[in-house]
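Observations on the three-dimensional arrangement
These are the residues of each chain, in order.
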Amino acid sequence: MRDVSHLMKPMQDALRPAGVQADHIGSLWNLTLGLCTLVFILVLAACLVALWRAPRADAGSAPDLSSLAGPERRTWRVIKWATGAATVGLLVLLVGDVLTSRALARLPLQDAVNIELVGHQWWWEARYRDADPSREFSTANELHIPVGRPVIVTLRSGDVIHSLWIPNLQGKKDLIPGRTATLRLRADRAGTYRGQCAEFCGLEHAMMALLVEAEPNERYEAWAAQQRQPAAAPGDPVAQRGHDVFLARSCVMCHTIAGTSAGAKLGPDLTHLASRRTIASGMFPNNRGHLAGWIADPQSLKPGVNMPANALAPDDLQALLAYLETLK
Amino acid sequence: MTVRGDTDQRARGTWPDPTGPGLPPGAAQALERTWSDPPGIVGWFSAVNHKTIAKRFMVTTFIFFLLGGLLAVAIRLQLAQPNGKVLSADLYNQVFTMHGSTMMFLFAVPVMQAVAMYLVPLMIGARSVAFPRMNAFAYWIFTMGGIMLYVAFFLDIGPDAGWFAYVPLSGPQYSPGKRVDFWAQMITFTELAALMEAIVLITTILKMRAPGMTLNRMPLFVWTMLVTSFMVLFAMPAVMLASTALITDRLVGTHFYNPGEGGDALLWQHLFWFFGHPEVYLIFIPPLGFMSSIIATFSRRPVVGYPAMVLALIATAFLAFGLWVHHMFATNLPELGKTFFTAASLMIAIPTAVQIFCWIATLWTGRINLKTPLLFVLAFFAILLLGGLTGLMLASVSLDYQLHDTFFVVAHLHYVLLGGAVFPLFGAFYYWFPKFTGRMLSERLGRWNFWLFFIGFNVAFFPMHILGLQGMTRRIYTYPEEMGWGNLNLLSTIGAVGIALSVLLFVVNVLRSRRHGELASSDPWGAGTLEWSVASPPPMGNFPLVPVVHGRYPLWQQPVAPYHVTGLTNEYREVLVTSVADAKLDHRLWLPSSTPWPFVAAVATTILFIGSIFTPWAIVWASVPVAVAATVWFWPGRAITRRRVETEVQP
Amino acid sequence: MNMPDTKRDGRLVEDGRVLDVSTLPTFAFGHRSPMWWGTMGLMLIEGTVFALAIMAYFYLRSHATAWPMSRFPPELIWGTINTAVMLASAIPNEFARRAAERLDLQKVRLWMVVCLLFSIVFLGVRVLEFTTLNTRWDSNAYGSAVWMLMGLHTTHLVTDAYDSAVLTTLMFTGPLEGKRYVDVSENAAYWYFVVLSWLPIYAVVYWGARF
């Protein structure tokens, strides 16, 4: 497995923007928070002062009906001014929102990376698009993107409504079956950002995360070049045995490993499984122990997931794991 | 000169006539007999007196509130720690679906209609609501629908697609079985009940006000119920259509929501939220009426700005129908359209702001009687205010892109629903409990109730704002430890326990006070509106002397001649019908007295609704008993018709 | 000298201290009657349902590449005939309403029976309409929308026919009093609603797919 200990811990936090889009929204947040806090303090203070200064009475005190005789002009003046101030505050918020919307729509898109994301119950299918079709490749649940270059993510769904949310980078967008949506973002600081499905999509909605690795462009291009390669043929006999186990068992009914005869697309593409930090859609570390448990009985880790249990002889399982470790 | 109503007179039943002889002998007993419910089991099912039905309705909705609260505690126990094992994923999804559905459909709107059903006739000087049997039918239908949903839940076939049941998840392909069908049919039950109650309230308010109670003199609470009821007429049909289309998609293969055959997943969202946004105002507007009633009484003065308050209610009602897309900002609808809904969502804050300013002005210029009802009402100014401000944040499309479907929204919705509706509702219970039962709730327990609720609420829900901003999405049954959300979730759970304890205190207060509470006079709070002019609890016919009204606060203002009405019989349930705007006399009507047919018809309708979950043919065969029941319900009796003809005066 | 109308204003008695309402009528027509308000409320509700269903039809159409999605739009013949029958039924309906407001029992009986005959015809033709819609509810979203509109309206036709049948029977068997004439008048109003609400639905179902 890839040694990931040197990388930063994944972040999933809207208050720590790492990209221009989240920055724009963050600025609007600061303005709005400030204004709303001010209003809250003023109105609450008015209420508390009213209570503090008003004389006390009880049920037997005669009520004051002077307001029924004529209008209360001073009171009305204050109410009108307060309403006017409230309206101005609302207009400020509206203008702020419109300006932020415009800023979000004006992300420069030259030299963009194009990713097509298809949401499934409960994992993310990704296809990196290119003008040259031979440079396209598929992966799942972990995206790498270059720092400083825009990324255009096309969003579709294979079943129910999902929502892509990577709070450090951008707001969210729904993946709706029958429709195609687009999310435009850019990472401006390197790091590992965690995203999560943000629209209730069924039993394991809670376990549908994805990782976004933002890295300098050269490292991104190196990663992409590697992803484009088909899986290397297994070197040692144990891995060869694992390769045979993979092709003989039900794995091939759902998974693709480019460079082998396994080409099904019902589950995540495993061609470069070993290059990913996590399994089960961002939920568990990608190491031997977890992978063994996942393959043997995915239901014990993520009940209801669409992958069946696989009763493998221990030697077969170890060989399979050794083979999967070669899929870097 | 300001004069408080004479409590002696009210106790003797001679108010508002200061020099008159009051009731003739035997009249009060005849009135009581005529309007009472019959005894025995059959009698219990035959009751149609609006106060009887309203009390049952309030108790039933409160039971659903308690059930929904227990579900909330279950959610909080599961989320208190990362990787919680209290509830499995499947059970958790059912629990949060049931919590939302219970609170929104089985508690929040119906309880407001229930309280109104009790108070509105008393506030407008009427002896009944306009359609007593339909009122009873609505109660039974509501209750049976709620029971159906819970039976399904306890049989482990409860709905699990969220209270909002987005398609395609809730459609036939991804939610097989009958779970979602029970949810969709529960909608049919509860929306039918709400629509009927709305018709009853509108007709009662417009046609049965005491003579002299022009629209301009109506209590603000009655205005809120009028406005809310009109909103119900336009909002509920949207969810009924949406859920009917969902049922047909699931049961007989229609394709409304199936993109593969020309349907659209967003059609559901549009229809649902066109109902769903006004729905939260159905919940929010009646408590604005509680606020006005309580603030006036406990500030010892009329609420500032009656016309502005009324216009604010009407403006809020209209605007509420123009906001629904703000629930759909994360979809791929056109951006320009979304900004329109931001503007509308911001604008609706203005009428609410006007109301808040008027209430604060009332408190500022009044003399305060700081009792428990007022405490609960004051919580609005902290909690609803904060919730409304986070609402402004969510109204912005750009901010919503980050905040939508996170715990920030959970925080917001609970701040507005509890701050704007539940706290004032508790204030209303403390305020009107003496009127309903004849006894005061304990003031000491009330204060404990209040402070525990207020503190528990903020401890439970404020951390959720932060959790949402820190990335915690909604409707997740657990979360990994490394996210760092554990501490705030634990804090929130502690707060939830505090809320549960405070509600327990309330229940204790109610049960103890029913037996041992201080006896209440007709007007223990020194209030100004008509419900306080009659005994606590009121006689079964509400008003021994139907008043003639000359001002907004009849008990505070000097009575003016003519003081009251005569000539209504006490031998039958006779009511006075007046004109819409000025409550001028129009005619008299005999309303139906007790009958079991609303209950029977509700049972027949329940069989129709539940049957059609399983087969479309149920609509055909089950409509026969419904038709029979409705026909017998309607069919007039010979004896009563003969009496009516004998006493008939043609128009 | 202008005498106060005690039927409208009651009488002031006891030196003007008390308002005597015993001379007021015991029933009234039109918007004076609570039943009218109940019926209006029902019309607002059902009208909203129809309006939303029509909007759903056009919403689905706006997302469709071909409309109707099934090959042919509904045949015009039965729907158009039924529209004519329903519009014609407004005539006996109006006569029934006026007779009720005049408290003329004979005419009420006559015109309500005529209305019932019309209802038998339009219910029968409605069955024929369903057989010539050229689409099924489960063919596609277009078919679903068409059947929903037709189904909603047919439900109203059936319930209105049943209500009217019950009321007509009552007008023959009794027991009768003034309020029953108000019921006839309100039933007539509801009948108008069912007929008039058909017009936009007819336009959408039969013509909406031809443009």
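1. Some words on the overall build of chain A
- A tally of regular secondary structure across chain A gives eight helices and twelve strands.
- For 328 residues, the compact-globule formula gives about 20 Å, and the C-alpha radius of gyration of chain A, at 28 Å, lies well above that figure.
- Summarising its shape, the C-alpha atoms of chain A cover approximately 100 × 50 × 40 Å along the three principal directions.
- When burial is assessed residue by residue, chain A has 41% of its 328 residues classed as buried.
- For chain A, the share of sequence-separated contacts (at least 6 apart) that also reach a separation of at least 24 residues comes to 68%.

2. Here's the deal with the overall build of chain B
- From N to C terminus, chain B includes 21 helices and three strands.
- For chain B, the C-alpha radius of gyration of 25 Å lies close to 26 Å, the compact-globule estimate for 651 residues.
- By principal-axis analysis of the C-alpha atoms, chain B measures approximately 80 × 60 × 50 Å.
- Sequence-distant contacts, at least 24 apart, represent 80% of the contacts inside chain B between residues at least 6 apart.

3. Overview of the interface of chain B and chain C
- Opposite the 58 residues of chain B that make contact, chain C presents 51 residues.
- When residues of the side of chain B that touches chain C are assigned to their parent elements, the largest contribution, seven residues, is made by helix α8 (residues 220-251) of chain B.
- Broken down by class, the residue content of the side of chain B that touches chain C amounts to 33 nonpolar, 16 polar and nine charged.
- Relative to strand β2 (residues 18-20) of chain C, strand β1 (residues 564-566) of chain B runs parallel, the two sharing three bridges. Bridge pairing in β2 of chain C places His 564 of chain B opposite Val 18 of chain C.

4. Some points on the sheet that holds strand β1 (residues 11-13) of chain C
- Pairing is mixed in the open sheet, where three strands are placed in the order β1(B)-β2(C)-β1(C). The open sheet has two free edges, formed respectively by β1 of chain B together with β1 of chain C, since each of these has just one partner strand. Geometrically, the sheet is characterised by an average inter-axis angle of 40° between neighbouring strands, direction not taken into account.

5. A few points about the confidence of the model for chain A
- Scored by pLDDT, chain A comes out at a mean of 95, with 97% of its residues at no less than 70.
- Note on residues 1-7 of chain A: pLDDT is under 50 here. Beyond four places in sequence and across chains, it has eight contacts.

6. Observations concerning the sheet that holds strand β1 (residues 113-120) of chain A
All names here are of chain A.
- Taken in spatial order, the five strands make up an open sheet running β3-β2-β1-β5-β8, and their pairing is mixed. Edge positions in the sheet fall to β3 (137-140) and β8 (181-186), since each has one partner strand and no second. When the angles between neighbouring strand axes are averaged without regard to direction, this sheet yields 25°.
- Across six bridges, strand β5 (residues 150-157) lies against β8 in antiparallel orientation. Looking at the pairing, Pro 150 lines up with Arg 186 of β8.

7. A look at the packing of helix α5 (residues 237-248) of chain A against helix α8 (residues 314-325) of chain A
Residue and element names in this part refer to chain A.
- Interaxial distance between α5 and α8 falls to 7 Å at its minimum, and their mutual angle equals 100°. In terms of orientation, α5 and α8 fall into the roughly perpendicular class. Here Val 238, Ala 239, Arg 241, Gly 242, His 243, Val 245 and Phe 246 of α5 lie close against α8, whose contacting residues are Asp 316, Ala 319, Leu 320, Leu 321, Ala 322, Tyr 323 and Leu 324.
- Its residues assigned to classes, the contact of α5 with α8 comprises ten nonpolar, two polar and two charged.

8. Here we look at the environment of Pro 175 of chain C
- Assignment of secondary structure puts Pro 175 of chain C in the loop between α5 (141-173) and α6 (178-207).
- Those residues in contact with Pro 175 of chain C that lie beyond four places of it in its chain are Pro 636, Arg 638 and Thr 641 of chain B.

9. Digging into the interface of chain B and chain A
- The interface is formed by 75 residues belonging to chain B together with 74 residues belonging to chain A.
- Mapped onto the side of chain B that touches chain A, the elements with two or more residues apiece are α5 (89-124), α9 (265-299), α11 (335-347), α12 (349-364), α13 (372-395) and α14 (397-403) of chain B.
- If you tally residues by element for the side of chain B that touches chain A, the top one is α12 of chain B, at eleven residues.
- Looking at the side of chain B that touches chain A residue by residue, the classes come out as 44 nonpolar, 22 polar and nine charged.

10. A word on the arrangement of the chains
- The protein chains that touch form two pairs of chains, and the pair with the most contacts between them is chains A and B.
- A gap remains between chain A and chain C, with no contact made and the closest C-alpha atoms lying 10 Å from each other.

11. Brief notes about the nonpolar core
- Grouped together as the largest cluster of nonpolar side chains are 375 residues, with contacts concentrated most on Val 120, Ile 124, Ile 141, Leu 195, Val 222 and Ile 383 of chain B together with Leu 149 of chain C.
- By residue number, the principal contributor to this core is α5 of chain B, which donates 24 residues.
- Not counting the four nearest positions on each side in its chain, Leu 149 of chain C is found in contact with Ala 53, Tyr 57, Ile 201, Val 204 and Val 205 of chain C.

12. What about the environment of Leu 35 of chain A?
- The topology assignment puts Leu 35 of chain A in helix α1 (residues 20-53).
- Excluding anything up to four places from it in sequence, Leu 35 of chain A contacts Gly 89, Val 92 and Leu 93 of chain A.

13. Some remarks on unusual backbone geometry
- For the peptide bond that leads from Gln 121 of chain A to Trp 122 of chain A, omega is 5°, which places it in the cis range.
- On the secondary structure map, Trp 122 of chain A appears in the loop between β1 and β2 (123-129).
- Note the cis peptide between Val 167 of chain B and Pro 168 of chain B, where omega equals -5°.
- Relative to the assigned elements, Pro 168 of chain B resides in the loop between α6 (132-154) and α7 (179-207).
- With a phi angle near 60°, Ala 280 of chain A is a residue other than glycine that sits in the positive phi range.
- Following the sequence through the fold, Ala 280 of chain A ends up in the loop between β11 (278-279) and β12 (284-285).

14. Notes on the confidence of the model for chain B
All names here are of chain B.
- Confidence along chain B averages 96 in pLDDT terms, with 99% of residues attaining 70 or more.
- Counted against residues more than four places away or in other chains, residues 1-5, with its pLDDT under 50, gives 15 contacts.
- Scored as a whole, the predicted complex attains pTM 0.96, and scored at its interfaces, ipTM 0.96.

15. Concerning the packing of helix α4 (residues 50-79) of chain B against helix α17 (residues 486-516) of chain B
Residue and element names in this part refer to chain B.
- For the pair α4 and α17, interaxial distance at closest approach is 9 Å and the crossing angle is 155°. By the criterion of interaxial angle, the relationship of α4 to α17 is roughly antiparallel. Classified by chirality, the crossing of α17 by α4 is left-handed. Along the contact surface, α4 presents Gly 69, Ala 72, Val 73, Arg 76, Leu 77 and Leu 79, while α17 presents Asn 489, Ser 492, Thr 493, Ala 496, Ala 500 and Val 503.
- Here the contact of α4 with α17 is built from residues that sort into seven nonpolar, four polar and one charged.

16. Some thoughts on the pairing of strand β2 (residues 574-578) of chain B
Residue and element names in this part refer to chain B.
- Across the five residues that make up β2, a large majority, five, are buried.
- Alternating residues of β2 divide into Glu 574, Leu 576 and Thr 578 and Val 575 and Val 577, and every residue in both groups is buried.
- In this sheet, strand β3 (residues 585-590) lies alongside β2 in antiparallel orientation, the contact comprising five bridges. Bridging across to β3, Val 575 finds its partner in Leu 589.
- Following β2, the chain reverses through six residues before pairing antiparallel with β3; Ala 583 in that reversal takes a positive phi of roughly 50°.

Parameters at a glance
Along each chain, residue indices are assigned from 1 in the same order as the chain's sequence is written. Chain letters and ligand numbers both follow the written order, the letters beginning at A and the numbers at 1. Only residues with pLDDT of at least 70 are given local features in this predicted model, and only at 80 or more are side-chain atom pairs given and counted; all residues enter the totals for whole chains, interfaces and linings. Strands are runs of DSSP state E lasting at least 2 residues, helices are runs of H or I lasting at least 4, and numbering of each runs from the N terminus. C-alpha atoms define the radius of gyration in this analysis, and the globule rule sets the expected value at 2.2 Å times the number of residues to the power 0.38. Whether a residue is buried, exposed or partly exposed is read from the other C-beta atoms within 10 Å of its own C-beta, which are placed from the backbone; 20 or more gives buried, 12 or fewer gives exposed, and intermediate counts give partly exposed. By the convention adopted here, residues make contact when the C-beta atoms placed from their backbones lie within 7 Å. In this count, Pro and Cys sit with the nonpolar residues alongside Ala, Val, Leu, Ile, Met, Phe, Trp and Tyr, while Asp, Glu, Lys and Arg are called charged and the others, Gly among them, polar. Between any two strands, at least two bridges found by DSSP are needed for them to pair. Note on method: axes are straight lines fitted to C-alpha atoms, helices fitted across the in-contact stretch only, with angles between N-to-C directions ranging 0 to 180 degrees. The predictor reports its confidence for every residue as pLDDT, a score running from 0 up to 100. Reported orientations rely on four angle classes, namely roughly parallel under 35 degrees, roughly antiparallel over 145, roughly perpendicular from 65 to 115, and oblique for the rest. Put simply, a nonpolar core is a cluster of buried Ala, Val, Leu, Ile, Met, Phe, Trp, Tyr and Cys residues tied together by C-beta atoms within 7 Å. Helix crossings are classified by the rotation of the near helix relative to the far one: an anticlockwise turn of less than a right angle makes the crossing left-handed, while a clockwise turn makes it right-handed.

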